[in-house]
Amino acid sequence: MTQDELKLAVAQAAITYVPEKAIIGVGTGSTANFFIDELAKIKHKIKAAVASSEVTAARLRSHGITVLDLNEVSSMPVYIDGADEITPQGAMIKGGGAALTREKIVASVAEKFICIADGSKLVNLLGKFPLPVEVIPMSHAVVTRKLNALGGDARLRMKDDQALLTDNGNMILDVHGLQIADPVALETTINNIVGVVTVGLFAQQGANVCLLGTAEGVKTLQF
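The structure contained in this document is the topic of the report that follows. Please read all numbers here as calculations on a predicted model, not as lab measurements.

Attention now moves to the overall build of the protein chain. Scanning the protein chain from terminus to terminus reveals six helices and 15 strands. Here the C-alpha radius of gyration of the protein chain, 17 Å, is about what a compact globule of 223 residues would show, namely 17 Å. In the protein chain, which comprises 223 residues, the share counted as buried stands at 53%. Taking as baseline every contact in the protein chain between residues at least 6 positions apart, the subset at least 24 positions apart corresponds to 72%. Only carbon and sulfur atoms are counted for the fraction: they give 51% of the accessible area of the protein chain, which is about 10200 Å². Mean positive and mean negative side-chain charge positions of the protein chain (20 and 23 charges, respectively) differ by 2 Å.

So this is what it looks like as structure tokens:
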């Protein structure tokens, strides 16, 4: 199976976790896009969605799905999103799509985080995928120095020869070369650096379920 076929398989499997007449949280990225397209097929069964990015909101609306601002929502049964890496314990690196802060905020409101990913995303040790850190623009140089002092190699994410800006108007530092043995502790450490908005470690609040696409079918991991 191709990677896209695996992503489609987990997106289809995730539909079974969507309660009827509910407001659900929807993530950002290529796997989340497959889920949005599947969600469109049952849009008459849900109330609305909360998007973790402007790109996701636009895709949801293009399918005729109502998108609510998170401030209008007090709780959600599920948040469904992909991951750049996930461990057998449910800790994740996210932020490859530059939506890590909004993803973490929306996920915090949901009762369950359902991670959808192809099998290549399952790792025993986080860090091969560069760790995204969203920072206030004026702080990117000082935060870079502090991240490098933790043993990483922090690089400003660029797009078209300019610093990429998130939906929040901030910059992203991608930290290369880390081997993250204690993701909960590192999440706390980086979040406490002045100038950091949030780090793309989802470990203190990780996934509750991971639907993992493999050549043998979709495997369900419970955490």
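Take the pairing of strand 6 (residues 110-118) next. For strand 6, a buried count of seven out of nine residues is recorded, marking the element as mostly surrounded by other parts of the structure. Pairing of strand 3 (residues 76-81) with strand 6, which is carried by five bridges, proceeds in the parallel orientation. In the sheet register, Asp-81 faces strand 6, and the bridge partner there is Cys-115. Pairing of strand 6 with strand 14 (residues 209-214), which is carried by five bridges, proceeds in the parallel orientation. Its bridge partner lying in strand 14, Cys-115 is registered against Cys-210.

Quick look at the sheet that holds strand 4 (residues 85-86) now. Pairing is antiparallel in the open sheet, where three strands are placed in the order 4-5-13. Two strands in the sheet have a free side with no partner beyond their single neighbour: strand 4 and strand 13 (201-202). Here strand 5 (residues 92-93) runs beside strand 13; their pairing, made up of two bridges, is antiparallel. Following the sheet pairing, Met-92 is matched in strand 13 by Phe-202.

On to the sheet that holds strand 8 (residues 153-156), then. Taken together, the four strands give an open sheet; going across it, the order is 8-11-7-12, and neighbouring strands pair in antiparallel fashion. Of all the strands in the sheet, the pair left with one neighbour each is strand 8 and strand 12 (196-199). Neighbour to neighbour, the strand axes of the sheet diverge by 30° on average, direction disregarded. Two strands pair when backbone bridges link them, and strand 8 and strand 11 (residues 171-176) are joined in this way by four bridges, in the antiparallel orientation. Bridging from a neighbouring strand, Leu-156 pairs with Leu-173 of strand 11. With respect to the sheet, helix 4 (residues 100-109) is in contact with strand 7 (131-135), strand 11 and strand 12, its orientation differing from that of strand 12 by roughly 70°. Helix-sheet contacts for helix 5 (residues 140-149) involve strand 7, strand 8, strand 11 and strand 12, and the interaxial angle to strand 11 is about 20°.

Attention now moves to helix 1 (residues 3-14). Over its 12 residues, helix 1 runs 17 Å from end to end, which matches the ideal 16 Å to within 8%, given 1.5 Å per residue. Of all the positions in helix 1, only Leu-6, Lys-7, Ala-9, Val-10, Ala-11, Ala-13 and Ala-14 are classed as buried. Looking at the buried positions of helix 1, the neighbouring elements they touch are helix 2 (30-39), strand 3, strand 6, strand 14 and strand 15 (217-222).

Next up on the list: the layout of surface pockets. Each pocket or cavity is described by its volume, and for the largest pocket that value is around 300 Å³. Mapped by element, the contributors of at least two residues to the lining of the largest pocket are strand 2 (48-51), helix 3 (54-62) and helix 4. Class assignment of the residues belonging to the lining of the largest pocket gives a composition of eight nonpolar, two polar and four charged.

Our focus in this paragraph is the packing of helix 1 against helix 2. For any two helices packed against each other, one specifies the inter-axial angle together with the distance between the axes. Packing of helix 1 against helix 2 brings their axes to within 8 Å, and their N-to-C directions diverge by 50°. Classed by the angle they form, the pair helix 1 and helix 2 counts as oblique. Remark: the crossing between helix 1 and helix 2 carries right-handed chirality. Between helix 1 and helix 2, the contacting residues are Asp-4, Lys-7, Leu-8, Val-10, Ala-11, Gln-12 and Ala-14 on the first element and Ser-30, Thr-31, Phe-34, Phe-35 and Glu-38 on the second.

Linking two cysteines covalently via their sulfur atoms produces the bond known as a disulfide. Counted under the stated rule, the structure contains zero disulfides. We note that Cys-210 lacks a disulfide partner, and the nearest cysteine sulfur, in Cys-115, lies 4.0 Å from it.

Each value, and the rule that gives it
Residues numbered from 1 in each chain as written. Predicted model: local features only at pLDDT ≥ 70, side-chain atom pairs only at ≥ 80, totals over all residues. Heavy atoms only, no water. Helix = DSSP H or I, 4+ residues; strand = E, 2+ residues; numbered from the N terminus. Rg over C-alpha atoms; globule rule 2.2 N^0.38 Å. Buried < 20%, exposed > 50% of the residue type's maximum accessible area, 1.4 Å probe, protein only. Contact = heavy atoms within 4.5 Å. Areas by Shrake-Rupley, 256 points an atom, 1.4 Å probe, with all protein chains shown as cover. Lys, Arg positive; Asp, Glu negative; His and termini not counted. Charge placed at Lys NZ, Arg CZ, Asp CG, Glu CD. Pairing = 2+ DSSP bridges. Axes fitted to C-alpha atoms, helices over the stretch in contact; angles between N-to-C directions. Expected span 1.5 Å × (residues − 1). 1 Å grid on protein atoms, 1.4 Å probe; cavity = no way out; pocket = protein on both sides within 12 Å on 5 of 7 lines; lining within 4 Å. Points joined across faces, edges and corners; volume = space filled by probe spheres on them. Nonpolar A, V, L, I, M, F, W, Y, C, P; charged D, E, K, R; others polar. Parallel < 35°, antiparallel > 145°, perpendicular 65-115°, else oblique. Left-handed = near helix turned anticlockwise from the far one by under 90°. Disulfide = S-S within 2.5 Å.

Read these as spatial facts, not as claims about activity.
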